[in-house]
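Here is what each chain is made of, one letter per residue.
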Amino acid sequence: SKTTGSTALFVSANLQGANLLKGKFDSADFTTADMTGSSLKTTEFSGASFVGASLRQADLEDAVGLCVDFSGCALCGAILRKAMLTEAICEGTDMKGMLANGVVLDRVRAAGAMFTKAQLKGASFRDAELDGADLHLANLEDANFSQASLRNADLARSKLVHAIMARADLRGCRYTKEQTKYTNMKEALIDCPTPVI
């Protein structure tokens, strides 16, 4: 890895278990880096690229980043509690089993992202693009999806108690009417829920 001006380059770097706690990595390039189990707790990385990187079991609690690119990244089992990642790009990102209660992913672009079994209680996805995302078995209790697009997303068996889906686009979503019994669906665009088998 090397530094060019204020932009750090870590392309394909082996950063397994690295301690990057409280670091400042704005516009850094971590493309295809192996950051499995690394600590980025309270780190700042606006404009950084983690395209194709492995952040499995990494700790990003309280991290802050605007327009961070996680496309094709593996965040399975990562910790993102209370991270602020507004306008992140997470298209095709694997976030299965992620521990991210209270994470802010407003205006995230996460079409086709995998959130299976993720813990997202109190998470914010306002104005997010989640078309075709896999959120089945996720804990979405108290999560805010106001004005988000969830077309053809899989919400099967996810916990939606007190979730906010106001003005969200839920056409083609997989969920049951029972799941949304205590969900705010005010002015949501819905069709008949796709049956969950």
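Let me begin by describing the structure that accompanies this report. Here the residue numbering is sequential within each chain, running from 1 through the sequence in written order. Selection of residues for local features in this predicted model requires a pLDDT of at least 70, selection of side-chain atom pairs for listing and counting requires 80 or more, and totals for whole chains, interfaces and linings are taken over all residues. Excluded from the side-chain calculations are hydrogens and water; all other atoms, namely the structure's heavy atoms, are used.

Bringing the overall build of the protein chain into the picture now. Along the backbone of the protein chain there are zero helices and two strands. When the backbone C-alpha atoms are referred to their principal axes, the protein chain occupies close to 55 × 25 × 20 Å. Only protein chains enter the accessibility calculation, which uses a 1.4 Å probe; a residue is then buried when its area is under 20% of its type maximum, exposed when over 50%, and partly exposed in between. Looking at the protein chain as a whole, 49% of its 197 residues qualify as buried. Put simply, 1% of the contacts in the protein chain that link residues at least 6 apart link residues at least 24 apart. Total accessible area computed for the protein chain in this model is approximately 8,800 Å², and 51% of it derives from carbon and sulfur atoms. Under the scheme used here, helices are H or I runs from DSSP no shorter than 4 residues and strands are E runs no shorter than 2 residues, and both carry numbers assigned from the N terminus. The contact criterion used is simple: two residues touch if any of their non-hydrogen atoms lie within 4.5 Å. Working definition of accessibility: Shrake-Rupley area with a 1.4 Å probe, residue cover restricted to the visible protein chains.

What makes a nonpolar core is a set of buried Ala, Val, Leu, Ile, Met, Phe, Trp, Tyr and Cys residues whose side-chain atoms join them at distances within 4.5 Å. In terms of nonpolar packing, the biggest core is built from 63 residues, with Phe 45, Phe 50, Phe 70, Phe 115, Leu 120 and Leu 150 touching the most fellow members. Beyond its immediate chain neighbours, meaning those up to four positions away, Phe 70 contacts Phe 45, Phe 50, Leu 55, Leu 75, Leu 85, Ala 88, Ile 89, Cys 90 and Thr 93.

Ring pairs shown here join Phe, Tyr and Trp side chains whose ring centres sit within 6.5 Å, with only the six-membered ring taken for Trp; geometry is labelled stacked below 30 degrees between planes, edge-to-face above 60, and tilted in between. Within this structure, the stated rule accounts for nine aromatic pairs. Note on Phe 50 and Phe 70: the rings are 5.2 Å apart at their centroids and 15° apart in plane angle, and the pair reads as stacked. Of this pair, Phe 50 sits in the segment after strand 2 (7-9) while Phe 70 sits in the segment after strand 2, and the two are 20 residues apart along the sequence. Judged by its relative accessible area of 1%, Phe 70 is buried. Taken together, Phe 10, Phe 25, Phe 30, Phe 45, Phe 50 and Phe 70 form an aromatic cluster joined through their ring pairs.

The salt bridge definition used is simple: a Lys or Arg side-chain nitrogen within 4 Å of an Asp or Glu carboxyl oxygen. With the rule as written, the count across this model stands at eleven salt bridges. Residues Glu 61 and Lys 41 are paired through a salt bridge, measuring 3.9 Å at the closest nitrogen-oxygen approach. With Glu 61 in the segment after strand 2 and Lys 41 in the segment after strand 2, this residue pair connects regions lying 20 residues apart in the sequence. Assessed through its relative accessible area of 31%, Lys 41 is described here as partly exposed. For Arg 109, the salt bridge is made with Glu 91, and the minimal N-O distance between the two is 3.7 Å. Here Arg 109 is found in the segment after strand 2, whereas its partner Glu 91 is found in the segment after strand 2, with 18 residues between them in sequence. Residue class for Glu 91 comes out partly exposed when judged on its relative accessible area of 34%.

Look at Lys 117: it is not a glycine, yet its phi comes out positive at around 60°. Among the structural elements, Lys 117 can be located in the segment after strand 2. A positive phi angle is found at Glu 187, which is not glycine, with a value near 60°. Inspection of the secondary structure assignment puts Glu 187 in the segment after strand 2.

Let us now look at the side chain of Asp 134. Tracing the backbone through its elements, the reader meets Asp 134 in the segment after strand 2. Arg 174 provides the closest opposite charge to the buried, salt-bridge-free Asp 134, at an N-O distance of 7.1 Å. There is a polar contact of 2.5 Å between the side chain of Asp 134 and the side chain of His 136. The residues touching Asp 134, leaving out its near neighbours within four places in the chain, are Ala 113, Met 114, Phe 115, Thr 116 and Asp 154. Within this scheme the basic residues Lys and Arg register as positive and the acidic residues Asp and Glu register as negative, but His and the chain ends are omitted. Residues adjacent in sequence count toward polar contacts only when both atoms are side-chain atoms; beyond that, a polar contact is any pair of N or O atoms within 3.5 Å, and within protein one must be able to donate a hydrogen and the other to accept it.

This paragraph deals with the environment of Leu 189. Residue position: Leu 189 is located in the segment after strand 2. A sequence separation of 82 residues divides Leu 189 from Arg 107, and the C-alpha atoms of the two residues are 18 Å apart. Setting aside anything within four residues of it in sequence, one finds Leu 189 in contact with Ala 168, Asp 169, Leu 170 and Arg 171.

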